[in-house]
Amino acid sequence: MSALFRCPPEVLLRSAIRQGQNLTRNAQTPKLHRCLQVSPVSSARSTHRAAVCTELGKPLKLQEVPSEELCTGQKVRLSIKGCGINYSDLLMAAGLYQDKPPLPFIPGAEVAGDVIEVAEGVTSVSKGDRVVAMAALGGFAEQCIVDEESVFRMPDSMSYEEGAAVVISYGTAWLGLTRRANTKPGETVLVTAAAGAVGLATVDLATNVIGAKVIGAAGGPEKCKVVADKGAIGTIDYNTQSIRDVVKEMTDDRGADVICDAVGGDVFKQCLRCIAWEGRILVIGFAGGDIPKIPANILLVKNISAVGLFWGNYRINDESTHRKSIQDVLGFYQEGKIKPHVGKTFSLDKANEAFMYIHKRKSTGKVVITM
């Protein structure tokens, strides 16, 4: 099973990267990496470009790497057009992720591109299909090999950049809003870290698919504008405003029915103080670095529920639900209900600049590497 699906959500580990080495300045099993490690280039083999991690905590290196043969089993070779960057990619390249692939390796897990080869027995996709896919590793490259079960056809109208931005963020947001928080039309949903990839996906789905009223909290006026443009009825700049006070004012002192929190720490505590009777607070991660304690008496007195979401674990424990979450959001895009926000793109040779852009919290939505 890939690192993506075995490890905690990327937002759990943001504090770790701050303690790691500056990337621009300076236990997976062997079976998994048999097709993923970078091997020496032979003059008799075809090659493609990739951004390779050759030393932990140091910049990625653009290299020509061998194009491996398809491994046995239900495998698909893709010509990658875009790869979304997740915070786990930064952590893995810094050596701060829970699972550490052997060096050298190619980061990147969320890709969009074209099918260029399929192994015998593959039936769900064919050569020439435009697809999105989840890779164990290898996304920061012009090609990669993935399992058939991890490949999904893209809507015709979806760009490769959007395809590289939709699966993880929107899959997480959709399961969180529906299966975990049971969000209903007309309810008020408060979203923290609302300008991030998962945050904007949550705003988009809650507003345009479920029909909820969304309040988005983000850091700074520019990010708040992005959140408002995605459909939020109100925004909170938590650099200058009180989450509790604004939510209470906007809901006539009732509070939010559903709170999707990816920050933790003091932000989570403020959220608990503005939740409605029988509200649900969804724990997605701890981008602020501090894991809060939940006073059980508040749950009791206000009849509220605190639930967690680790979307990747559904890949292990409930495969059908995991796949359906991806199929659902692709369907919503096809119907014109949602549109992923790609905040910025970087070419493959600028992968280190993309890492630093995210590390400095300049990004909104998803940052995508293009080939």
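Preceding this section is the structure that the text describes.
Cut-offs used in this document
- Residues numbered from 1 in each chain as written.
- Predicted model: local features only at pLDDT ≥ 70, side-chain atom pairs only at ≥ 80, totals over all residues.
- Heavy atoms only, no water.
- Helix = DSSP H or I, 4+ residues; strand = E, 2+ residues; numbered from the N terminus.
- Buried < 20%, exposed > 50% of the residue type's maximum accessible area, 1.4 Å probe, protein only.
- Areas by Shrake-Rupley, 256 points an atom, 1.4 Å probe, with all protein chains shown as cover.
- Pairing = 2+ DSSP bridges.
- Axes fitted to C-alpha atoms, helices over the stretch in contact; angles between N-to-C directions.
- Contact = heavy atoms within 4.5 Å.
- Salt bridge = Lys/Arg side-chain N within 4 Å of Asp/Glu carboxyl O.
- Core = buried A, V, L, I, M, F, W, Y, C linked by side-chain atoms within 4.5 Å.

K.L.:
What should I look at first to understand the overall build of the protein in this one?
P.N.:
Broken down by element type, the protein carries 13 helices and 15 strands. Across the 371 residues in the protein, those meeting the buried criterion constitute 56%. By element, 48% of the accessible surface of the protein is carried by carbon and sulfur atoms, the whole surface being about 15,500 Å².

K.L.:
Even after reading the chapter, I still don't get the sheet that holds strand 10 (residues 234–237), so can you show me in this structure?
P.N.:
In space, the six strands of this open sheet follow the order 10-9-8-11-12-13, with parallel pairing throughout. Each having just a single partner strand, strand 10 and strand 13 (305–308) make up the two edges of the open sheet. Going from strand to strand, the sheet's axes swing by 20° on average, the running direction of each strand aside. Two elements, strand 8 (residues 188–191) and strand 9 (residues 213–218), share four bridges in a ladder whose sense is parallel. Paired with T188 across the two strands is K213, which belongs to strand 9. Contacting strand 8, strand 11 (256–261), strand 12 (275–283) and strand 13, helix 5 (residues 160–180) crosses the sheet at an angle of about 140° to strand 12. Against the sheet, helix 8 (residues 243–250) touches strand 8, strand 9, strand 10 and strand 11, its axis set at about 165° to strand 10.

K.L.:
For this particular structure, what's the right way to read the pattern of salt bridges?
P.N.:
As enumerated under the stated definition, the model contains 19 salt bridges in all. Across the pair D318 and R179 runs a salt bridge whose closest N-O atoms are separated by 3.4 Å. With D318 in the loop between helix 11 (314–317) and helix 12 (319–334) and R179 in helix 5, this pair connects stretches of sequence that are 139 residues apart. Of the charged contacts in the structure, one is a salt bridge between K230 and D204, with a shortest N-O distance of 4.0 Å. Here D204 lies in helix 6 (residues 197–210) and K230 lies in the loop between helix 7 (221–229) and strand 10, a separation of 26 residues in the sequence. Taken individually, K230 and D204 each receive the classification buried, so the pair is uniform in this respect. Salt bridges sharing partners connect three or more residues here, namely E149, R315 and E319.

K.L.:
Would you explain the nonpolar core in this entry?
P.N.:
If you look at the biggest cluster of nonpolar residues, it comprises 51 residues, and the most contacted ones within it are V189, L205 and V227. Among the elements of the structure, strand 5 (130–134), helix 5, strand 8, helix 6, strand 9, helix 7, strand 11 and helix 12 are those that each provide at least two residues to this core. Discounting residues that sit within four places of it in the chain, V227 has contacts with A194, A195, L200, V203, G216, A218, A232 and T235. Core analysis: the second largest hydrophobic core is formed by 44 residues, L60, I106, V122 and V125 among them.

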